[in-house]
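Per-entry structural report
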Protein chains: 2
Amino acid sequence: MTQVRKRSQMTPKQASACCRPIDNLLDPELFRALSDPTRVRLFGCLIKCGRACLVGEVAECCSVDLSVVSRHLQLLERAGILEVVKEGRTVSYCVKYGVLCEMFRSIANAIESSCPVHQHAA
Amino acid sequence: MTQVRKRSQMTPKQASACCRPIDNLLDPELFRALSDPTRVRLFGCLIKCGRACLVGEVAECCSVDLSVVSRHLQLLERAGILEVVKEGRTVSYCVKYGVLCEMFRSIANAIESSCPVHQHAA
DNA sequence: TGCGTACTTGCGTCATAATGCAAGTATACG
DNA sequence: CGTATACTTGCATTATGACGCAAGTACGCA
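This section reports on the structure supplied with the text. (Residues numbered from 1 in each chain as written. Chains lettered and ligands numbered in written order. Predicted model: local features only at pLDDT ≥ 70, side-chain atom pairs only at ≥ 80, totals over all residues. Heavy atoms only, no water.)

1. Some thoughts on the interface of chain A and chain B
Listed by partner, the interface residues are 48 residues for chain A and 48 residues for chain B. In this assembly, chain A packs against chain B so that about 4,200 Å² is buried in total across both faces, 71% of it on carbon and sulfur atoms. A salt bridge links Lys48(B) to Asp23(A); its shortest N-O distance comes to 2.8 Å. If you look at where chain A meets chain B, you find 14 residue pairs in polar contact (both at pLDDT 80 or more). The element best represented in the side of chain A that touches chain B is helix α6 (residues 97–114) of chain A, accounting for 11 residues. Along the lines of polarity and charge, the residues of the side of chain A that touches chain B split into 27 nonpolar, 8 polar and 13 charged. (Contact = heavy atoms within 4.5 Å. Buried area = accessible area lost by both parts, 1.4 Å probe. Salt bridge = Lys/Arg side-chain N within 4 Å of Asp/Glu carboxyl O. Polar contact = N/O pair within 3.5 Å; in protein donor to acceptor, adjacent residues only side chain to side chain. Helix = DSSP H or I, 4+ residues; strand = E, 2+ residues; numbered from the N terminus. Nonpolar A, V, L, I, M, F, W, Y, C, P; charged D, E, K, R; others polar.)

Structure (structure tokens):
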């Protein structure tokens, strides 16, 4: 019996070697961007606002310094979940709704497809 | 016109005051658990393995000390995404697939329902 | 061209967190 | 009982990150 083991018999080390959809989806950088309460609060405001918002506007949601808000928004943009729009001396950020939805759905699907119970159903 | 503003006219501060499904879903603690590369690697192994794994087994996936792995797994368990099973002197962890799928799907749905384009369609 | 507005960046401080080693605990086994 | 196994915990070290203040930049406007 030299064939591929059933997944339930694999060691975690063996499992780590086999490539699955989940491998490219669990990005620590993305999760890190959402791991700070202040940042999540700002992000939540933007999501619910539903339009591009000025840095100064967003800063009103929180009691932290404007410079802190500026850096948080930059970080969320670098994480790929906010889009920045610079016009003259103003800077606006808006949520990349499509990217976010697709990302979270893909993660959910990938996890589901790795679930042993789901394998039975398939 | 003292009625509720259309969402596209809200300031982020006003938006922060109105309660949406997304409010209780973006949990910084959850994301923090997935914000460390080593932890994500261990978590990925468990997801792909599809069964309960011993701490020692999981440690083979990574080049870090066993004590570090032990602590990472404890943290993921406290975040609610791993389940711990203690039997005799062994300790196993397994992924809470259902919880994870539902969580990520809920986030995706909540974000989608806050998307202005989605509002048009509704 | 001088001033105000709207951010951004440099820097120091404080807090949190990742890691390894060594020691400790708890259970199984002979 | 004594010893090996399977972790867990204490502790020191080092790294990362959040924050505020102050200074800097970039643009618009009179």
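2. Points about the environment of Ala79(B)
Residues and elements named next belong to chain B. Considering the arrangement of structural elements, one finds Ala79 in the loop between α5 (66–78) and β2 (82–87). According to the relative accessible area criterion, Ala79 is partly exposed, its value standing at 26%. The spatial distance from the C-alpha of Ala79 to the C-alpha of Phe31 is 8.9 Å, given a sequence separation of 48 residues. (Buried < 20%, exposed > 50% of the residue type's maximum accessible area, 1.4 Å probe, protein only.)

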